[in-house]
Amino acid sequence: MRKFNPNKNIIIILIVVIIVVATVSITAANRAKDSDTNVVQSAVNDTISVVDKVITAPGRWLSSGVQSVSNLINTYDENQKLKSEVDQYDEVKQQTKNQAQEIERLKDELELNQTLTSYEKVTANVITRSPDTWQDMLIVDKGSADGVEGNMAVMSQKGLIGRVMEVNAHSSKIQLLTSDNKSSNHFPVKISSDKGNSFGLLNKYDTKEQRLIAEINDKQEIKEGDIVQTSGLGGNSPADLAIGTVEKVKSDSFGLNREVYIKPYAQMYDISVVTIIQRMAGATE
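Figured I'd write up the structure that's included with this text.

Cut-offs used in this document
- Residues numbered from 1 in each chain as written.
- Predicted model: local features only at pLDDT ≥ 70, side-chain atom pairs only at ≥ 80, totals over all residues.
- Heavy atoms only, no water.
- Core = buried A, V, L, I, M, F, W, Y, C linked by side-chain atoms within 4.5 Å.
- Buried < 20%, exposed > 50% of the residue type's maximum accessible area, 1.4 Å probe, protein only.
- Contact = heavy atoms within 4.5 Å.
- Salt bridge = Lys/Arg side-chain N within 4 Å of Asp/Glu carboxyl O.
- Helix = DSSP H or I, 4+ residues; strand = E, 2+ residues; numbered from the N terminus.
- Pairing = 2+ DSSP bridges.
- Axes fitted to C-alpha atoms, helices over the stretch in contact; angles between N-to-C directions.

## Brief notes about the nonpolar core
Then, in step 1: With 37 residues, the main nonpolar core has Leu160, Ile161, Leu202, Ile262, Val274 and Ile276 as its most contacted residues.
Then, in step 2: With residues near it in sequence (within four places) discarded, Leu160 still touches Ala153, Val154, Met155, Leu177, Phe187, Thr230, Leu241, Ala242, Ile243, Ala266 and Met268.

## Some remarks on the pattern of salt bridges
Then, in step 1: This model, assessed by the stated rule, comprises nine salt bridges.
Then, in step 2: Where Glu259 meets Lys204, a salt bridge forms, and the shortest distance between an N and an O atom there is 3.0 Å. Of this pair, Glu259 sits in strand S11 (residues 258–264) while Lys204 sits in strand S7 (residues 196–206); the two residues are 55 residues apart in sequence, bridging distant segments of the chain.
Then, in step 3: Take Glu259: its relative accessible area is 10%, and that puts it in the buried class.
Then, in step 4: Residues participating in the shared-partner salt-bridge network are Asp194, Lys223 and Asp226.

## Here's the deal with the sheet that holds S11
Then, in step 1: Strands sit in the order S6-S7-S8-S11-S10-S9 around a closed barrel of six strands; the barrel is antiparallel. Pairwise comparison of adjacent strand axes, ignoring direction, gives a mean angle of 45° for this sheet.
Then, in step 2: Direction of pairing for strand S9 (residues 227–230) relative to strand S10 (residues 242–251): antiparallel, over a ladder of three bridges. Looking across to S10, one finds that Gln229 is bridged to Ala242.

## Things to note about the sheet that holds strand S5 (residues 172–176)
Then, in step 1: With antiparallel pairing, six strands are arranged side by side around a closed barrel as S1-S2-S5-S4-S3-S12. Here the average twist between neighbouring strands, direction ignored, is 45°.
Then, in step 2: Taken together, the seven bridges between strand S1 (residues 119–128) and strand S12 (residues 273–280) define a ladder with antiparallel strand orientation. Within S12, the position partnered with Glu120 by the bridge is Arg279.

## Digging into the pairing of S7
Then, in step 1: Bridge count for strand S6 (residues 187–193) against S7 is seven bridges, and the pairing is antiparallel. Across the sheet, residue Ser193 finds its bridge partner in S7, namely Gly196.
Then, in step 2: A loop of two residues connects S6 with S7, the two strands running antiparallel in sequence.
Then, in step 3: Where S7 and strand S8 (residues 211–216) come together, six bridges link them in antiparallel fashion. Its bridge partner lying in S8, Gly200 is registered against Ile216.
Then, in step 4: Hairpin connection between S7 and S8: a loop of four residues separates the two successive antiparallel strands, and Gln210 in this loop has a positive phi of roughly 55°.

See the structure below:
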């Protein structure tokens, strides 16, 4: 077996290096004299070009990859920022909408109070409305300390919505006209028409049609659009409180009385402020 001689290999490598350097020098000198390249020069240039591409390719790929990742991160950050700004815009938009609705409710309540100058009244804010009693009642932030008493009529927006059923020192429970509790939502009413007034009792609420129903037992003519108000009969509530307008009239199931469907001035499902009617102005206890 031949013994490996490192000195011999080193000498061979040096000779190859010398030949390459000499060749490059000669071709460079010839190129200085003549713009045309010979075969050897072309081969050397092509070899150097290929070697350069091979050596620099990983660096270019790495640089391109780093730039792509950087661009992706910047794009993600910008998208997150834009998303945050959109969320903030939606939140501000909803707040503005809520404030506009609240302003409209307060304007309606102010207009209502301006029409109730003949009554002593107190304005209260709705503080809770339980989901399981949504159809029946709500609680407001005024009570006996503010002059509220049981059985007082309650209005909102432009019409009657119910009566006070329970009073605490600083809060009260209001039973709505939409309740099935017949002892609380019965209001004596009058319907004003061109030919006179009809009298009856408000005693039902049609959930499907969202209409109040009054039972009328006289034969006075009633037509669509007639005004419905409290009559004040019986002394449980003041007279002339607005309720709504007649939408249709039909006979009851026995054919003895008429059922008048009333479109209420107030809607019962989005109430935030109410006006409690204490008594007629100037009335004594």
